[in-house]
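# Chain and residue survey
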Amino acid sequence: MNETRRAVLEALADGPVSGPELAESLDISRAAVWKHIEALRDADFDIESGSNGYELGEVTAYNAPAVEFGLEAPFSVEYHDAVGSTNDRARELAADGAADVAVLADEQVGSRGRLEREWTAPSGGVWVSVISRPEITPAQAPLYTLASAVAAATAAREAGVDAQIKWPNDVVVPVGDEGDYRKLTGILTEMEGEMDRVEWIIVGVGVNANIDADTLPEGATSIRDEAGDVDRRRFVQRFLEEFDRYRNDLEAIVPAWRDLSHTLGQHVRVDRPSGEVVGDAVDVTESGALVVETDEGRETVSAGDCEHLRPV
């Protein structure tokens, strides 16, 4: 967002303020003030003109300026009403050198999930991909996936949903007490780098937010179905703020993930190219790998498709 426009919004957030007062405090002309006010109105900000000056109403818009306004994390936002894939667009931006950009869309028309699975991304959901350029090794990159899961689960819990994390990165809502769940959020992470460094990481997060659960694939749920509609603008802000918090404190990620885990303590099967692992999920390592207690002993699984099994 234009810095002067941001300053106008911040001034309006403190209460009614007149055009001349804005012009003087920002050292711009009254005509420039009017142009910024009109641009903000065009961005769907509710700004009234009264006897006391301009006044900002409740922010209900869902777009880049609205999400950036009040966001306590260093991200710029690129918003689309519809896009093929926020991850694809983020990769284009990353290739051009972008950093700390969140690509946000109301709808995705070419989305995909882990292992190229279908992922429905209609209007009303939260579809966002975040570009980071961290100074970490490739071995630490999985922590960014865990951080995004923690951030998404935290935002969902603040919205009233009993959100937990299924290893490695699905945010789910538990059903019953035997490990069953309904999927709320999918996460797809992509990376570019070399042997000893990461060029960029893109974390793509899809949240079934204000969507009817009966329109989603079997086994999925939505925030609407679990707790009622959420303010998507505030949800995105909280996700970005929590993600930024954890990417700047890598040692805090795994403990937070453990606290939100739905997988630890479950009887699981993990499918991987070298064969399946069946046993009890007992821990995650500091790099995010799953520790499974099998009949032959403990085995550490760094990647795979995890399924919760009925207790034996």
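Above this text is the structure in question.
Residues numbered from 1 in each chain as written. Predicted model: local features only at pLDDT ≥ 70, side-chain atom pairs only at ≥ 80, totals over all residues. Heavy atoms only, no water.

### Focus on the overall build of the chain
Each helix and strand in the chain was counted, giving nine helices and 14 strands. The principal-axis extent of the C-alpha atoms belonging to the chain is close to 75 × 45 × 35 Å. By residue count, 51% of the 312 residues in the chain fall in the buried class. Excluding contacts between residues fewer than 6 apart, the proportion of contacts in the chain whose partners are at least 24 apart in sequence is 59%. (Helix = DSSP H or I, 4+ residues; strand = E, 2+ residues; numbered from the N terminus. Buried < 20%, exposed > 50% of the residue type's maximum accessible area, 1.4 Å probe, protein only. Contact = heavy atoms within 4.5 Å.)

### Some points on the sheet that holds strand E10 (residues 267-271)
Ordered in space as E13-E12-E11-E10-E14, the five strands form an open sheet in which the pairing is antiparallel. Looking at the sheet topology across the chains shown, the edges are occupied by strand E13 (297-301) and strand E14 (305-309). Strand-to-strand twist across the sheet, computed as the mean angle between neighbouring axes with direction ignored, equals 45 degrees. (Pairing = 2+ DSSP bridges. Axes fitted to C-alpha atoms, helices over the stretch in contact; angles between N-to-C directions.)

### Observations regarding the pattern of salt bridges
Scanning all chains against the criterion turns up 31 salt bridges. One salt bridge in this structure joins Glu242 and Arg238, with 3.0 Å as the shortest N-O distance. Highlighted residues: Glu242 and Arg238, both in helix H8 (residues 232-247), separated by four residues, approximately one helical turn. An identical accessibility class is assigned to Glu242 and Arg238; each is buried. Arg298 is the salt-bridge partner of Glu293, the closest N and O atoms lying 2.7 Å from each other. Residue Glu293 is classed as partly exposed on the basis of its relative accessible area, which comes to 30%. Sharing partners across several salt bridges, the network here consists of Glu158, Arg234, Arg238, Glu241, Glu242 and Arg245. (Salt bridge = Lys/Arg side-chain N within 4 Å of Asp/Glu carboxyl O.)

### Topic: the nonpolar core
Core analysis: the biggest nonpolar cluster contains 61 residues, and Phe239 and Phe243 have the highest contact counts within it. Excluding anything up to four places from it in sequence, Phe243 contacts Phe75, Val130, Ser132, Tyr144, Ala147, Ser148, Ala151 and Val203. Counting residues in hydrophobic clusters, the runner-up holds 18 residues, among them Val33, Ile37, Tyr54 and Ala61. (Core = buried A, V, L, I, M, F, W, Y, C linked by side-chain atoms within 4.5 Å.)

### A short note on helix H2 (residues 19-26)
If you check which residues of H2 are buried, you get Gly19, Leu22 and Ala23. For H2, the arc enclosing every buried residue in end-on projection is 100 degrees, short of the 170-degree limit, so these residues lie on one face. In H2, the exposed positions that point more than 90 degrees away from the buried face belong to Glu24 and Ser25. On its buried side, H2 packs onto helix H1 (3-13), helix H3 (30-42) and strand E2 (53-56). Trailing H2 by a residue or two, Asp27 shows a phi angle of about 60 degrees, which is positive. (Arc of directions from axis to C-beta.)

### Structural notes on the pairing of E13
Pairing geometry for strand E12 (residues 290-294) and E13, over five bridges, is antiparallel. Bridging across to E13, Val291 finds its partner in Thr300. Between the end of E12 and the start of E13, which pair antiparallel, lie two residues.

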